[in-house]
Amino acid sequence: MTPPPEIEKILFTEEQIQARIKDVGAEISEAYAGRELKLISVLKGSVFFLTALARAITIPVKIDFLAISSFSSNRAAPGVVRISKDLDESLEGEDVLLVEDIVDTGLTVRYLLHTLAGRQPNSLAVCTFLDKTPRRLVQAPVRFRCFEIPDRFVVGFGLDYNQLYRNLPYVAVMKL
Ligand code: IMP
């Protein structure tokens, strides 16, 4: 697929992404061996990662979804987030893995961990597709990650710019 003109460069190809997800899926299967895992996907960005990751995990998994909305649309001034679509099922006694597309400032993950921890899961951890560590403002414990990336705005494999580019099969840096 020829990249659109708004793309500066491809960071991770489809092949690199699939190979890395396979490894992370194996890592997760080993870490939770003998147990059942509930994957929680944050709409909409992490859905692409979730479906690939779930297929790479060999232990039994359940999935559930939540959506969040940010009060601030300004990336330079990250705002408070709130849950706009809640989970369908309880987390009580479950081993829960929060599946994120990207951890940037860490504010979203911190808020979600705080909220979900109050629902009495047996365990709660984070798996992110991309980890933009240079932009971290608050501590956000990430247990599993596919790729660390520099402080650049990226799109593809679920990540959007104004809701576009989610369907690109690779991860690319945007010309902004
Ligand atoms: P946070 O700053 O860690 O709370 O991340 C907030 C959200 O910002 C992420 O879940 C993404 O939706 C979005 N985001 C952060 N960096 C990028 C990027 O490089 N591309 C697309 N979305 C991003």
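Description of the structure in this document. This one's a predicted model, so the numbers in the text were calculated from it and none came from an experiment.

### What about the site of the ligand?
Item 1. Taken together, 14 residues form the shell around the ligand, and within it Asp 104, Thr 105, Gly 106, Thr 108 and Val 154 come nearest.
Item 2. Contacts to the ligand include Asp 104, whose backbone N or O atom sits 2.8 Å from an oxygen atom.
Item 3. Note that an oxygen atom of the ligand is positioned 2.8 Å from one of the backbone N or O atoms of Gly 106.
Item 4. Summarising the interface, the protein chains cover 81% of the accessible area of the ligand, which totals 490 Å² for the free molecule.
Item 5. Residue composition of the shell around the ligand, by class: six nonpolar, three polar and five charged.

### Description of the pattern of salt bridges
Item 1. What the rule picks out here adds up to 13 salt bridges.
Item 2. Its salt-bridge partner being Asp 88, residue Lys 85 comes within 3.6 Å of it at the nearest N-O pair.
Item 3. Take Lys 85: its relative accessible area is 29%, and that puts it in the partly exposed class.
Item 4. The class of Asp 88 is exposed, set by a relative accessible area of 65%.
Item 5. Its salt-bridge partner being Arg 119, residue Asp 86 comes within 3.0 Å of it at the nearest N-O pair. Here Asp 86 is found in the loop between β4 (81–85) and β5 (95–103), whereas its partner Arg 119 is found in the loop between α3 (107–117) and β6 (123–131), with 33 residues between them in sequence.
Item 6. Look at Asp 86 and you get partly exposed, because its relative accessible area is 36%.
Item 7. The exposure class assigned to Arg 119 is partly exposed, which follows from its relative accessible area of 24%.
Item 8. Taken together, the salt bridges that share partners define one network made up of Glu 36, Lys 38, Lys 62, Glu 89 and Glu 94.

### Describing the sheet that holds strand β9 (residues 171–174)
Item 1. Strand order in the open sheet made by the three strands is β1-β9-β8, with antiparallel pairing throughout. Edge positions in the sheet fall to β1 (7–12) and β8 (154–155), since each of these pairs with one other strand and no more.
Item 2. With two bridges connecting them, β8 and β9 associate as antiparallel partners. Bridged to Val 155 within β9 is Ala 172.

### Observations concerning unusual backbone geometry
Item 1. Here the bond from Leu 43 into Lys 44 is cis, since omega is -5°, no more than 30 degrees from zero.
Item 2. If you check the backbone angles, Gln 120 has positive phi at about 55° while not being a glycine.
Item 3. With respect to the helices and strands, the residue Gln 120 is situated in the loop between α3 and β6.
Item 4. With phi around 75°, Tyr 165 is a residue other than glycine that occupies positive phi space.
Item 5. Turning to its location among the elements, Tyr 165 is positioned in the loop between β8 and β9.
Item 6. Look at Tyr 165 and you get buried, because its relative accessible area is 14%.

Parameters at a glance
Residue indices follow the written sequence of each chain, beginning from 1 at its first position. Note on the predicted model: pLDDT of at least 70 is required for a residue's local features to be given, and 80 or more for side-chain atom pairs to be given and counted; whole-chain, interface and lining totals, by contrast, use all residues. Hydrogens and waters are ignored; side-chain quantities use all the structure's heavy atoms. Near is defined per residue: the residue qualifies when any heavy atom it owns lies within 4 Å of the molecule or strand. Throughout this description, a polar contact denotes any pair of N or O atoms lying within 3.5 Å of each other; where both atoms belong to protein, one of them has to be capable of donating a hydrogen while the other can accept it, and for residues adjacent in sequence the pair is counted only when both atoms sit in side chains. To be clear on the numbers: accessible area is Shrake-Rupley with a 1.4 Å probe, and residue cover counts the displayed protein chains and nothing else. Throughout this entry, Asp, Glu, Lys and Arg are counted as charged residues, while Ala, Val, Leu, Ile, Met, Phe, Trp, Tyr, Cys and Pro are counted as nonpolar. The remaining residues, Gly among them, count as polar. Salt bridge, as applied in this entry: a Lys or Arg side-chain nitrogen positioned within 4 Å of an Asp or Glu carboxyl oxygen. Note on classification: 1.4 Å probe, protein chains only; a residue is buried when its accessible area is under 20% of the maximum for its type, exposed when over 50%, partly exposed between these limits. We count a stretch as a helix when DSSP gives it H or I for four or more residues in a row; a strand needs E for two or more, and each element gets its number in order from the N terminus. Only strands that DSSP links by at least two bridges are regarded as paired with each other.

Just geometry here; none of it tells us what the structure is for.
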